[in-house]
Amino acid sequence: MTEERHAYILVEHERWWNNRCNKNQKGMNTQAFVRRGRVGPKNAKTLFFYVKLPVGEIRGHGDFLERITGTTDELWNRYGSETAFESRDEYNNFVEGRSTVTFIRFKNLQKLEKPISWKDLSATLGGIKKMPNGGRYLSRETVNSLLRMEL
């Protein structure tokens with residue numbers, strides 16, 4: 001893993017973030033973030049969770065385990081309980097009939113005591129205007145800058 005791909009920002013809705021936090025509070029240490037198609041980070045040490053509009057802030061982070069791609073049925077049957085979805089129907093609605101999905105597995109979800117605002121994130125990332133929906137890699141240096149903001 002290169003220093004430039006030290007971490008990855010995943011973008012999600014507040015609803016899924018809240019579900020994820022609830023599962024974490026109930027003791028689910030390993031979780032899975034679902035993406036449509038074959039996408040997502042292949043390598044990273046840390047995952048950051050950016051909750052998009054209207055919130056627009058990084059709310060937490062976790063330790064990247066692996067990225068797995070496969071059929072919607074195969075991955076649900078194997079890791080569905082690790083997702084933020086409360087039912088198979090909710091998952092099916094999310095994947096919108098796609099045959100291939102990606103599960104990004106991670107552990108040790110940590111909520112930031114002081115979320116990192118879009119303004120601070122944008123400035124740290126060189127003044128970007130919008131967070132890409134697909135997320136983005138971060139260097140170790142950028143991660144260190146972001147985590148200093150939380151202190």
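Parameters at a glance
- Residues numbered from 1 in each chain as written.
- Predicted model: local features only at pLDDT ≥ 70, side-chain atom pairs only at ≥ 80, totals over all residues.
- Heavy atoms only, no water.
- Buried < 20%, exposed > 50% of the residue type's maximum accessible area, 1.4 Å probe, protein only.
- Helix = DSSP H or I, 4+ residues; strand = E, 2+ residues; numbered from the N terminus.
- Pairing = 2+ DSSP bridges.
- Axes fitted to C-alpha atoms, helices over the stretch in contact; angles between N-to-C directions.
- Contact = heavy atoms within 4.5 Å.
- Salt bridge = Lys/Arg side-chain N within 4 Å of Asp/Glu carboxyl O.

Peer 1: Any details on the pairing of strand β2 (residues 30–36)? Residues and values, ideally.
Peer 2: In terms of residue burial, β2 counts as a mostly covered element, since 5 of its 7 residues are buried. Where β2 meets strand β5 (residues 100–117), 7 bridges bridge the pair, whose relative direction is antiparallel. Bridge pairing in β5 links Arg36 to Val101.

Peer 1: Report on the sheet that holds β5, specifying residues and quantitative values.
Peer 2: If you trace the 6 strands from one edge of the open sheet to the other, you get β2-β5-β4-β3-β1-β6, paired in mixed fashion. Strand pairing shows two members of the sheet lacking a second neighbour, β2 and β6 (136–138), which therefore form its edges. The mean inter-strand angle of the sheet, taken between neighbouring strand axes irrespective of direction, is 40 degrees. Bridge count between strand β3 (residues 46–51) and strand β4 (residues 57–71): 6 bridges; the pairing is antiparallel. Note that in β4 the partner of Tyr50 across the bridge is Ile58. Helix-sheet contacts for helix α2 (residues 72–79) involve β4 and β5, and the interaxial angle to β4 is about 120 degrees. Taken strand by strand, helix α3 (residues 88–95) contacts β2 and β5, and its axis lies near 40 degrees from that of β2.

Peer 1: How would you sum up the pattern of salt bridges? Please name residues and give values.
Peer 2: If you walk through the whole model with that rule in mind, you get 9 salt bridges. Linking Arg59 and Glu14 is a salt bridge whose minimum nitrogen-to-oxygen distance equals 3.2 Å. Of this pair, Arg59 sits in strand β4 while Glu14 sits in helix α1 (residues 14–25), and the two are 45 residues apart along the sequence. Assessed through its relative accessible area of 15%, Arg59 is described here as buried. Judged by its relative accessible area of 30%, Glu14 is partly exposed.

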